[in-house]
Each structure stands twice: as C-alpha cells, then as structure tokens.
Amino acid sequence: MKKIVLFIALITQCLPAQSIQGTFPQAKNTEIVVKGFEGFDEKELTKTTTDSLGNFTLAYPKTYKGAALLQIQNTSSVIVLLNHENFEMQWDNFQDFNTLKFINSFENDAFAKGIIINQEAEQKLAGLRYLLPLYKKSQTNENWLQNEINTQEKAFEVFINKLPKSSYVKEYLAFRKFLGDVQLTQERYKEINRVKQHELTFTKIDFANDVLWYSGLLKEIISSYYQMLELYQDKEIITKKSIEANNVWLKTLENQTIKQQEVAEFCFTMLEKKGLIKASEQIALSMLNKDNCQLTDKQTNLFEQYRKLAIGKTAPNIVFENILERTKSKDLKSLSSKYKLVVFGASWCPNCQTDYPSLVGKYKKLK
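Remember, it's a predicted structure, so these values are computed and weren't measured experimentally.

Criteria and cut-off values
Residues numbered from 1 in each chain as written. Predicted model: local features only at pLDDT ≥ 70, side-chain atom pairs only at ≥ 80, totals over all residues. Heavy atoms only, no water. Helix = DSSP H or I, 4+ residues; strand = E, 2+ residues; numbered from the N terminus. Rg over C-alpha atoms; globule rule 2.2 N^0.38 Å. Buried < 20%, exposed > 50% of the residue type's maximum accessible area, 1.4 Å probe, protein only. Contact = heavy atoms within 4.5 Å. Areas by Shrake-Rupley, 256 points an atom, 1.4 Å probe, with all protein chains shown as cover. Lys, Arg positive; Asp, Glu negative; His and termini not counted. Charge placed at Lys NZ, Arg CZ, Asp CG, Glu CD. Salt bridge = Lys/Arg side-chain N within 4 Å of Asp/Glu carboxyl O. Polar contact = N/O pair within 3.5 Å; in protein donor to acceptor, adjacent residues only side chain to side chain. Pairing = 2+ DSSP bridges. Axes fitted to C-alpha atoms, helices over the stretch in contact; angles between N-to-C directions. pLDDT = per-residue confidence, 0-100. Expected span 1.5 Å × (residues − 1).

1. As for the overall build of the protein chain
- A tally of helices and strands in the protein chain yields twelve helices and eight strands.
- On C-alpha atoms alone, the protein chain measures out to a radius of gyration of 28 Å, which is more than a quarter above the 21 Å that the 2.2 N^0.38 rule sets for 367 residues.
- For the protein chain, the residues scored as buried account for 38% of the 367 residues in total.
- Counted over contacts in the protein chain with a minimum sequence separation of 6, partners at least 24 positions apart contribute 57%.
- Counting only carbon and sulfur atoms, one obtains 52% of the accessible surface of the protein chain, whose full area is about 23100 Å².
- Averaging the locations of the 49 positively and 42 negatively charged side chains of the protein chain gives two centres separated by 6 Å.

Here is the structure:
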C-alpha cells in the first residue's frame, strides 16, 4: 500500500502544475476570481482569497487555453492569457497599469508588448497622416513621411509574425487588432475605403477557431463589424453587406453545429433590432433548412416566424382578447374582410402611441 501511495505521489509531482501566484498589496484579504470565455459566455475557472499581505495562488484548469478575466473584488480587473504556463503577477497600484508585471509568462509579456506597439503606431500614424498633405510641395519630405507611414502600418504585423506559431498570443493579438481597427473606423475615420479593407479581413476569419472562441472577443468583433457596416448609410447596401457577413460565419461553422447555432441566434437577434429583416430572414431560413440542425426550442421559435410568415404562406390565426361586444368575430380567420391589417404595438413604445391615432384615420378611409 505504501508503494502505491508513493507511486501516485510521484506522478502527481511530475504533472505540470498550472498556477498564477502573485502579490496585490492593495487587495488584502480580498477575493480574486478568474473567468474564462467560451463563445458568448463567461465561466468561472478558479478563485481564491488573498492573505493579509495581498499574496495569492490560483490554480487554473490544465484544459483551458485562452484569454481570461482576472477580477479583484470591488477593485479592478485585468485580462490575462492562459496557455499552460505557471507565472507570477505583481501589481502595486491598480490605478496604474504600468505597475503591472508578469514573471515567467511569455504569453502575457508578448500581449503587453503587442498592445504598446499597436498604440504607439496608431498615435504616430495619426500625426503622420495629418502632416502628409502639408508637404505636397516638398518631394523629399513627402517621401520621408510616406515611408514612415508604411513602416508604422507594418510595425504590429512585423511583431506578431515573429511570435511562435504555438503561442496563443499570436492569433489573439491579431483578433484584437482587427477589433480595434474596426472601432477606430466607426468612431473616428468613417472612411468607406477603410470599411472595404475590414470587409476583406472579415472574409478570412475562421469562426471555428478556438483562439477566437476562447478569447472573449467574439461578441465584440461581430457586433462592432455589423455596426461599422452602417457607415454605408444606404439600407439596401447595409442589408447586402450584412448578408455577405452572415455567409462568412455560416460557411466556416458549417461543420460546427452548436457553435453555428449560437452565432446564428446572436446575429439574428442583433439584425432584427437593427431592422435588417432580409439579413435576419437569411439566417433563420439557413438554420431551418440544415439537415443536421439541432436547434433549441428558443432558437426554433425565433427562426420559425420567418418560415411561417414568408410571402405566400397562410398567416397564423390570431385569437382576439377583450374584443368589443358588437364585433362577432373571435379570431383573425373569422373576419370577412378581403384584406386584413394586423398591427403589433407595445404600451412602452413612444412611436406606437403617436402612430395609433393615424391608424384610426386610415381605418375610416379604407374601411
């Protein structure tokens, strides 16, 4: 028996422990929680409580490879990358990220360095692009500025290309870069040429990629990208571009049924709220027509409305409630009118309140 126990103990010691150790002097006797990501969801990976000096040890699952949110109760939070590393953290001042240090973590050091390189390049590019038109008459200065712009535009790409293929941070930084660029275009530049560049990049995204799935960026990338498409302003163009975007993730996730259904539900709901009915209808019909579709009841109810209410289909019957006594009809089908108008509204909707009186006027006219 002693030999067996000793053998198990030796095996346990040989297994690589995955832990985060550190000191947060500002968080004494404080709970720390680490949450991982999976698609659109967060899940708790581990938690602990710091001692009286702010020291802590967190053991995270060996199976998890991705970004995680380290939350310090009622104080602050920070993104950390987990990829089978044992590392240490030191954060002396939660108000100053420059005091955050990682020890023995290639992933997190590269992450921090990549963010700095990208931020510095964006700051320089803003100034260089402003100066470029001012030196049109000076060929030498104009050439220098253009060369410097080209250098800064490639600085981040040069950095991530040097990172090992086995690292998580390599692809993670690329996704963060894309997200940041899309948000900059939407908020600051609003240039259609930039939008078209992002469209090309979007077509190359593999939405089945586990790096993206466990990054915590999936929701932001999708919502920011579709929001950016509104810079086209023309609703027909926006609808067309949204359908093209739908086709990208529908294609890359065609063999990942569960993931595809999650993205479909999110995008369907988002596009409906934007009033892009044709784009949301495309998602609904694509999912309903799949042979290997295993939709939840919620998803089925969401998508079925488009198939049931498609042009040429018989409208579902609607039973009237609180109907006026003078009206004999009890449901939609029993109305004898050749044409029937069904209006849906809500008491909290301001437009419903203003539009209803005009409908009464239309009724008097059309009878």
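2. A short note on the pattern of salt bridges
- Throughout the structure, instances matching the rule amount to ten salt bridges.
- Between Lys 136 and Glu 142 there is a salt bridge whose closest N-O contact spans 3.3 Å.
- Lys 136 sits in the exposed class, given a relative accessible area of 53%.
- Its salt-bridge partner being Asp 210, residue Lys 259 comes within 3.0 Å of it at the nearest N-O pair. Taken together, the residues Lys 259 in helix H9 (residues 257-273) and Asp 210 in helix H6 (residues 210-213) connect sequence positions 49 residues apart.
- A residue is classified by how much of its surface remains accessible, and Asp 210, at 44% relative accessible area, is partly exposed.
- By sharing partners, the salt bridges in this structure join Glu 122, Lys 177 and Asp 181 into a single network.

3. Describing the environment of Ser 242
- Note that Ser 242 resides in helix H8 (residues 235-252).
- Considered as a pair, Ser 242 and Ala 121 are 121 residues apart in the sequence and their alpha carbons are 30 Å apart.
- Engagement of the side chain of Ser 242 in a polar contact is seen with the backbone oxygen of Ile 238, the distance being 2.8 Å.

4. Structural notes on the sheet that holds strand E1 (residues 19-23)
- Taken together, four strands build an open sheet; the order of strands is E4-E1-E7-E8 and the sheet is mixed. For this open sheet the edge positions go to strand E4 (55-59) and strand E8 (100-103), each flanked by a neighbour on one side alone. Strand after strand, the sheet turns through a mean of 20° between neighbouring axes, direction not considered.

5. Comments concerning the sheet that holds strand E6 (residues 76-82)
- Across the sheet, which stays open at both edges, the four strands sit in the order E3-E2-E5-E6 with antiparallel pairing between neighbours. At either end of the open sheet lies a strand with only one pairing partner, and these are strand E3 (41-49) and E6. Sheet twist, expressed as the average angle between the axes of neighbouring strands with direction ignored, equals 25°.
- Across five bridges, the pairing between strand E2 (residues 31-38) and strand E5 (residues 66-72) is antiparallel. Of the residues in E5, the one forming a bridge with Val 33 is Gln 71.

6. Things to note about the confidence of the model for the protein chain
- Across the protein chain, the average pLDDT comes to 90, with 93% of residues at 70 or higher.
- Of the regions scoring below 50 in pLDDT, residues 1-16 engages in one contact with residues more than four places distant in sequence or in other chains.

7. Some thoughts on the side chain of Thr 50
- Here Thr 50 lies in the loop between E3 and E4.
- Of note is the side chain of Thr 50, whose polar atom sits 2.9 Å from the backbone nitrogen of Asn 29.
- Polar side-chain contacts of Thr 50 include one of 2.8 Å to the backbone nitrogen of Thr 30.
- For Thr 50, the residues in contact, after removing those within four places along its chain, are Ala 27, Lys 28, Asn 29, Thr 30, Ile 32, Asn 55 and Phe 56.

8. What to know about unusual backbone geometry
- Despite not being glycine, Asn 74 has its phi angle at roughly 55°, a positive value.
- You can see Asn 74 is positioned in the loop between E5 and E6.
- Of note, the phi angle at Gln 233 is positive, near 70°, even though the residue is not glycine.
- For Gln 233, the location among the structural elements is in the loop between helix H7 (218-228) and H8.

9. Remarks on H8
- Under the 1.5 Å per step criterion, the end-to-end length of H8 is 26 Å for 18 residues, consistent within 8% with the ideal 26 Å.
- Here the buried face of H8 lies against helix H5 (192-203), H7, H9 and helix H10 (277-288).
- For H8, the N-terminal capping position is held by Asp 234, with its side-chain oxygen 2.8 Å away from the main-chain nitrogen of Glu 236.

10. Re the side chain of Lys 177
- Residue placement: Lys 177 occurs in helix H4 (residues 169-189).
- Among the polar contacts listed, one links the side chain of Lys 177 to the side chain of Asn 118, at a separation of 2.9 Å.

11. Here's the deal with the pairing of E4
- The two faces of E4 differ: Phe 56 and Leu 58 on one face are buried, but Asn 55, Thr 57 and Ala 59 on the other face are not.
- Taken together, the five bridges between E1 and E4 define a ladder with antiparallel strand orientation. Its bridge partner lying in E4, Gln 21 is registered against Thr 57.

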